[in-house]
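Listed below are the residues making up each chain.
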Amino acid sequence: MQIKTKRSLLPLFLMICLSFFACQNSKKASDNKSFNPEIKKQEWAIVLHGGAGVITREKMTPELDKQYRAALQEAMNTGIKILSEGGSALEAVEKTIRIMEDNPLFNAGKGAVFTHEGKNELDAAIMDGSNLAAGSVAGVTDIKNPITAARCVMTNSEHVMLSGKGASQFAKEQGLEIVPPSYFYTEKRYNDLQKTLKREKMGTVGCCALDKNGNLAAGTSTGGMTNKKYNRIGDAPIIGAGTYANNNTCAVSATGHGEYFIRWTVAHDISALIEYKGLTLIEAAELVVNDKLVKAGGSGGVICIDKTGNISMPFNSEGMFRAYATADKKEGVFIYKDEK
Ligand code: ASP
């Protein structure tokens, strides 16, 4: 009888042991899930990129290296000013990207790459993490600042994405600056860069920001891939692929081989890993860029920021023009892989 009782208690005892260990493990797992508590919550933060690709010291001249760093710093200073004075993440993202669109060093706006037919077709998107509002333009040829057009699509139209002639017409109606398509061509810059970068033209631009109200925003602007054909559209204007923001998770802007970023829905994948799997920003971004994308053969990188101001800038290419700043006065501008 006694033995019988012991036997019947054994499964119960085992169950108690198992649930004790399960509790311990799930506690550990949930510890990993939380945003890193050691990192002081930032009042505001900003991160930006100027494109990823075959960017090595050997391919850069010291002069060009200096120019890119100065350009990233100048753009970032615009965002820092807006955020530190209490401006919105959305405003910081748009204005920071506009500076880079106006700089021919980058493959966005003024410095956009050429299509197979020798034209410039630009894509851009912006997203507001506070309400998941988003706007984008694709394949536009005469809007001086596509990122501003994307913001107008978001705030002043009932649509998310406008393309080609329709997007231009909308931009005109919004009073945005329209330029002749030749505006996007600068011969000297074009030839200089082609020579220096051995026909590799990279420099899509993007920015993510967290503002003092805890709102996140992301934006991306690009000329797309050199030699693109048939009005090809990349990942930048596709919400969830090259651009995404959600106050509950993170803001992401991508750069790289768009066809991969679209199919692997890179920006939203990072957000989803945080939302549904409890990964930290850094874990999620690393997993997508340096594991999933690498296995798929998609080169490039992302910049991202979460609701506490954590920043991640992973890339699997040789280099990525990138910069960040936080309210506690940490900042940096980087180009090559070995820079931290
Ligand atoms: N992602 C861009 C595109 O595929 C290009 C780039 O970031 O370099 O259009």
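These figures come from a predicted structure and were not determined experimentally.

Caption draft 1: Up close: the sheet that holds strand β10 (residues 311–312). What the four strands build is an open sheet, ordered β7-β8-β9-β10; its pairing is antiparallel. Sheet topology places β7 (243–245) and β10 at the edges, where each strand pairs with a single neighbour. Bridging between strand β9 (residues 300–306) and β10 involves two bridges; their strand directions are antiparallel. If you follow Cys304 over to β10, its bridge partner there is Ser312. Here helix α8 (residues 266–277) sits on the sheet and contacts β7, β8 (250–256) and β9; the angle it forms with β8, its principal contact strand, is near 145 degrees.

Caption draft 2: Geometry of helix α3 (residues 89–101). Look at α3: 18 Å from first C-alpha to last across 13 residues, which is about the 18 Å you get at 1.5 Å a residue. Every buried residue of α3 is accounted for by Ala89, Leu90, Ala92, Val93, Glu94, Thr96, Ile97, Met100 and Glu101. Where α3 is buried, its residues touch β1 (45–53), α2 (62–84), β2 (122–128), α4 (146–156), β5 (205–210) and β6 (216–222).

Caption draft 3: Broad picture of the site of the ligand. Surrounding the ligand, one finds Thr204, Gly224, Met225, Arg232, Gly234, Asp235, Thr255, Gly256 and Gly258. Here a nitrogen atom of the ligand sits 2.6 Å away from a polar atom, N or O, in the side chain of Asp235. In the environment of the ligand, a nitrogen atom lies 2.7 Å from a nitrogen or oxygen atom belonging to the backbone of Gly256. Coverage of the ligand by the protein amounts to 96% of the 270 Å² it exposes when considered alone. Its residues assigned to classes, the shell around the ligand shows one nonpolar, six polar and two charged.

So, how was this worked out
- Residues numbered from 1 in each chain as written.
- Predicted model: local features only at pLDDT ≥ 70, side-chain atom pairs only at ≥ 80, totals over all residues.
- Heavy atoms only, no water.
- Pairing = 2+ DSSP bridges.
- Helix = DSSP H or I, 4+ residues; strand = E, 2+ residues; numbered from the N terminus.
- Contact = heavy atoms within 4.5 Å.
- Axes fitted to C-alpha atoms, helices over the stretch in contact; angles between N-to-C directions.
- Expected span 1.5 Å × (residues − 1).
- Buried < 20%, exposed > 50% of the residue type's maximum accessible area, 1.4 Å probe, protein only.
- Near = heavy atom within 4 Å.
- Polar contact = N/O pair within 3.5 Å; in protein donor to acceptor, adjacent residues only side chain to side chain.
- Areas by Shrake-Rupley, 256 points an atom, 1.4 Å probe, with all protein chains shown as cover.
- Nonpolar A, V, L, I, M, F, W, Y, C, P; charged D, E, K, R; others polar.

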